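Structural overview for review
Here is what each chain is made of, one letter per residue.
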Amino acid sequence: MAKTTLVLFGGVSTEYLISLRSAYNILGALRQTGDRIVRIGITPQGDWLRFDGPDEDIRDDNWQIQAHAGSDPDRPFPSSPRAWITGLCGCTPDVIFPAVHGINCEDGTLQGLLELTGIPYVGSGVLASAAGMDKLHAKIIFQKARIPQCRYTSASREEIQRDVKTVAAFVAEKIGYPCFLKPSNGGSSVGTMRAANDQDLVSALLEVSQFDRQVVIEEFVRARELEVAVLGNDRPKASCVSEIVTSDKVDYYDYEAKYFMSDGAQVQVPAQIDETLARRIRRLAVKAYKALGCTGLSRVDFFLDTATGRLMINEINTLPGFTPISVYPKAFEASGISTVKLVKRLCQLAIDEHQAKARQEVI
């Protein structure tokens, strides 16, 4: 029987534009499943609007004017999150597919709202989403799970603003140069900076701390970047291993190289590594997935030190990019699962997880 699938896109997030591209790709696949599709966009200002125009207008960020024009200002105020979603959709969807990324979207915030609707939704729940989005908390969990990772430290915005030179001196002694700085909460390499000396580090600390209250600083590792897509709930499976190969034009795989440079990097699927190493990476990817309590989908990223052969987890992404060039759909395509089958499977996993979490009501 055909289902009704609600696709959410946009969001109050630095990754708003990436969400539009992911949504366009997901919609193209879902339309081939035979299910009814309803689309709701979240503007950068936080408005939730139903959109009934062409998918291309989502991809090209031309959807908001049409959606505002079609909204009903006299619609009665909803009595619950479920009634709100039902009112926007004109029906109660069977499953919600969040084609969103970044802060307010994959950090547990949206997942908490979706939990209150009582409608199954694709992806991890509140706890795993929040832990996965916060790099510092994820590192603590990986450490407890004995998953190898590079040396790191952290600094708060308050510490940086109070005495940035003292913080920089501590980082230089503990981590050394060059080093990478990242917002603890963030994705798609937004706000990531590289520091090669004291002056760079002071500037980077001040800049990156504007993106989040906590800054994570990691050692520089000259490494291959290997990524694995994971799919499933209680028995997750890992895809083949992929590799991000950056061009000589970029220093590292940052936001611009990922999404806005046609020749910034390419994805090699599968990665050219031996099967013993590939099995180890897939095993660690599933271990990290389970350690955080993920469900549905995630992409797990690793570094392979080219000098020592040391393998280290980099991070996990609980709502990975789903654009045509993104690793997640490409890796499963290479593993024998088409994007159409993939989105269908993700919707079913959401329904299965919703049923598994159902609790008997105590009256």
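Worth saying up front: this structure is predicted, and the values here are computed from it rather than measured.

**Notes on the overall build of the chain**
When helices and strands are counted, the chain shows 14 helices and 13 strands. Taking 21 Å as the expected radius of gyration for a compact globule of 363 residues, we find that the chain reaches 21 Å, a close match to that expectation. Its C-alpha atoms give the chain principal-axis dimensions of about 60 × 50 × 50 Å. Sorting the 363 residues of the chain into buried and exposed places 54% on the buried side. Roughly 16,900 Å² of accessible area belongs to the chain as shown, and the carbon and sulfur atoms make up 49% of that amount. Between the centroid of the 41 positive side chains of the chain and the centroid of its 44 negative side chains there is a distance of 7 Å.

**Here we look at the sheet that holds strand 1 (residues 4-10)**
Sheet strands pair via backbone hydrogen bonds, and the direction of the pair is either parallel or antiparallel. Reading across the sheet, the 4 strands line up as 3-2-1-4 and stay open at both edges, with mixed pairing between neighbours. Two strands close off the open sheet at either side, each with one partner strand: strand 3 (48-51) and strand 4 (95-99). With direction set aside, neighbouring strand axes in the sheet form an average angle of 25°. Where strand 2 (residues 36-42) and strand 3 come together, 4 bridges link them in antiparallel fashion. Paired with Ile 40 across the bridge in strand 3 is Arg 50.

**Side note on unusual backbone geometry**
In most cases, non-glycine residues show a negative phi, while peptide bonds are predominantly trans. Tyr 177 connects to Pro 178 through a cis peptide bond whose omega is -10°. Note the cis peptide between Val 269 and Pro 270, where omega equals -5°. Within the secondary structure, Pro 270 sits in the loop between strand 11 (265-268) and helix 12 (275-292). In this structure, Asp 61 is a non-glycine residue whose phi angle is positive, near 60°. Phi is positive for Arg 146, which is not a glycine, with a value near 60°.

Rules used throughout
Residues numbered from 1 in each chain as written. Predicted model: local features only at pLDDT ≥ 70, side-chain atom pairs only at ≥ 80, totals over all residues. Heavy atoms only, no water. Helix = DSSP H or I, 4+ residues; strand = E, 2+ residues; numbered from the N terminus. Rg over C-alpha atoms; globule rule 2.2 N^0.38 Å. Buried < 20%, exposed > 50% of the residue type's maximum accessible area, 1.4 Å probe, protein only. Areas by Shrake-Rupley, 256 points an atom, 1.4 Å probe, with all protein chains shown as cover. Lys, Arg positive; Asp, Glu negative; His and termini not counted. Charge placed at Lys NZ, Arg CZ, Asp CG, Glu CD. Pairing = 2+ DSSP bridges. Axes fitted to C-alpha atoms, helices over the stretch in contact; angles between N-to-C directions.

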